[in-house]
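One letter stands for each residue in the lines below.
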Amino acid sequence: SLAEICTQSSIWRCYVTTDSKVKSDNAISLGTNIKKLRLEHSFTQAYMVRQMQLLGCNTTKQSYSKYEKDLAHISASELVAITHILNTSLDNLFK
């Protein structure tokens, strides 16, 4: 579960009742970074969405596609799920 991932990765504040939202700015393209890492793993968007859903996120393929294009805000819990699926850190997503 997402709560277990948060505990294991020492990110205890990521699993909150009211999820914070994050959006890229001019300095960091979060969506581009997520897409780059996803492609490095040869994962499809559909695979990412399914894995996120299995971790308890309510992500749809449409919303995930918007995340990669920097067209939508992404929740903190979805970011944690993405880092888990891609076996990376939050730092790597924000480079």
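Everything numeric here is computed off the predicted structure, so don't read it as measured data.

Scanning the model with the defined rule gives 2 salt bridges in all. Notably, a salt bridge pairs Glu 40 with Lys 36, separated by 3.9 Å at the nearest N-O pair. You can see Glu 40 and its partner Lys 36 sitting in helix 2 (residues 30–40), 4 residues apart, about one turn around the helix. The residue Glu 68 makes a salt bridge to Arg 38 at a minimum N-O spacing of 2.6 Å.

Turning to the nonpolar core, a few remarks are in order. Grouped together as the largest cluster of nonpolar side chains are 18 residues, with contacts concentrated most on Ile 34, Met 48, Met 52, Tyr 64, Ile 74, Ile 82 and Leu 93. Elements supplying a minimum of two residues to this core: helix 2, helix 3 (45–54), helix 4 (61–68) and helix 5 (76–85). Broken down by element, this core gets its largest block of residues, 4 residues, from helix 5. Non-local contacts of Met 52, meaning those with residues more than four positions away in its chain, are made with Cys 57, Thr 59, Tyr 64, Glu 78, Ala 81, Ile 82 and Ile 85.

What follows covers the packing of aromatic side chains. Scanning the entire structure with this criterion turns up 2 aromatic pairs. Arranged with centres 6.5 Å apart and planes meeting at 70 degrees, the rings of Tyr 64 and Tyr 67 form a pair that is edge-to-face. Taken together, the positions of Tyr 64 and Tyr 67, both in helix 4 and 3 residues apart, correspond to about one turn of that helix. No difference in accessibility class separates Tyr 64 from Tyr 67, as the two residues are buried.

Restricting attention to buried positions, one finds in helix 3 the residues Gln 45, Met 48, Val 49 and Met 52. Angularly, the buried residues of helix 3 cover 95 degrees about the axis, an arc narrow enough to put them on a single face. Contact partners of the buried residues in helix 3: helix 2, helix 4 and helix 5. Residue Gly 56 follows helix 3 closely and has a positive phi angle near 100 degrees.

Each value, and the rule that gives it
Residues numbered from 1 in each chain as written. Predicted model: local features only at pLDDT ≥ 70, side-chain atom pairs only at ≥ 80, totals over all residues. Heavy atoms only, no water. Salt bridge = Lys/Arg side-chain N within 4 Å of Asp/Glu carboxyl O. Helix = DSSP H or I, 4+ residues; strand = E, 2+ residues; numbered from the N terminus. Core = buried A, V, L, I, M, F, W, Y, C linked by side-chain atoms within 4.5 Å. Buried < 20%, exposed > 50% of the residue type's maximum accessible area, 1.4 Å probe, protein only. Contact = heavy atoms within 4.5 Å. Phe/Tyr/Trp six-rings, centres within 6.5 Å; stacked < 30°, edge-to-face > 60°. Arc of directions from axis to C-beta.

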